[in-house]
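Structure assessment
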Amino acid sequence: MGTDSWKGHVNGVLYGIQFDRVLDDSVVTRVVNGVTAGHYPGDRTATRDALDQALRSSGSLNDQAETHHSEDELRSFFRRLAAALSTPSPS
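Residues numbered from 1 in each chain as written. Predicted model: local features only at pLDDT ≥ 70, side-chain atom pairs only at ≥ 80, totals over all residues. Heavy atoms only, no water.

**Topic: the environment of Asp-43**
The criterion, for reference: Only DSSP runs of H or I reaching four residues or more are called helices, and only runs of E reaching two or more are called strands; each is numbered from the N terminus. Working definition: with a 1.4 Å probe on protein chains only, accessible area under 20% of the residue-type maximum means buried, over 50% means exposed, and in between means partly exposed. Pairs of N or O atoms within 3.5 Å make up the polar contacts considered here, provided that, within protein, one atom can donate a hydrogen while the other can accept it, and that residues adjacent in sequence are counted only when both atoms are side-chain atoms.
Tracing the backbone through its elements, the reader meets Asp-43 in the loop between α2 (25-37) and α3 (44-56). Residue classification places Asp-43 among the partly exposed residues on the basis of a relative accessible area of 47%. For Asp-43, the side chain forms a polar contact with the main-chain nitrogen of Thr-45, separated by 3.2 Å. Side-chain polar atoms of Asp-43 contact the backbone nitrogen of Ala-46, separated by 2.8 Å.

**Side note on helix α4 (residues 71-86)**
For the record, the criterion: For a helix, the expected span equals 1.5 Å multiplied by the number of residues minus one. What makes two residues a contact is simply this: any of their non-hydrogen atoms within 4.5 Å.
The terminal C-alpha atoms of α4, which comprises 16 residues, lie 22 Å apart, in line with the 22 Å expected from a rise of 1.5 Å per residue. Where α4 is buried, its residues meet α1 (6-17), α2 and α3.

**A word on the packing of α1 against α3**
Packed helices, taken two at a time, are described by the angle their axes make and the gap between the axes. Applicable threshold: Helix axes use the C-alpha atoms of the stretch in contact, all axes being lines fitted to C-alpha atoms, and the angles between their N-to-C directions lie in the range 0 to 180 degrees. For classification purposes, angles smaller than 35 degrees are called roughly parallel, those larger than 145 roughly antiparallel, those between 65 and 115 roughly perpendicular, and all remaining angles oblique. Residue type decides the class: Asp, Glu, Lys and Arg count as charged, Ala, Val, Leu, Ile, Met, Phe, Trp, Tyr, Cys and Pro as nonpolar, and the leftover types, Gly among them, as polar.
Two elements in contact, α1 and α3, have axes separated by 9 Å at closest approach and are oriented at 100°. Of the possible angle classes, the one that applies to α1 and α3 is roughly perpendicular. Where α1 abuts α3, its residues Trp-6, His-9 and Val-10 lie against Ala-46, Thr-47, Ala-50, Leu-51, Gln-53 and Ala-54. Of the residues in the contact of α1 with α3, the class split is six nonpolar, three polar and no charged.

**Notes on the packing of aromatic side chains**
Formally: Each pair of aromatic rings taken from Phe, Tyr and Trp, with Trp reduced to its six-membered ring, is defined by centres within 6.5 Å and is described as stacked if the planes are under 30 degrees apart, edge-to-face if over 60, and tilted in the remaining cases.
Summed over the entire model, instances satisfying the criterion amount to one aromatic pair. Measuring from ring centre to ring centre gives 5.8 Å for Phe-77 and Phe-78, while their planes differ by 50°; the resulting arrangement is tilted.

Function cannot be inferred from these measures alone, as they are strictly geometric.
What follows is the structure in structure tokens.
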């Protein structure tokens, strides 16, 4: 994945969570289910790879979508989301 190409994936997720007050496990599950169902750009692997790249970035993850969540909240959420996307989906 090229430089900053992860932003499209991240912005898709941010758009989907922008109205969630708390980024808890139910939001992680909802986004994982949405990625699996094709409601977000990319499949599970592409989304996880984009999240991993985003988390390695030193820049703001929220610079384009501008949700009300803090950088620390987003990074914690993206770590949990990436871990959940790494777990094989139930057959």
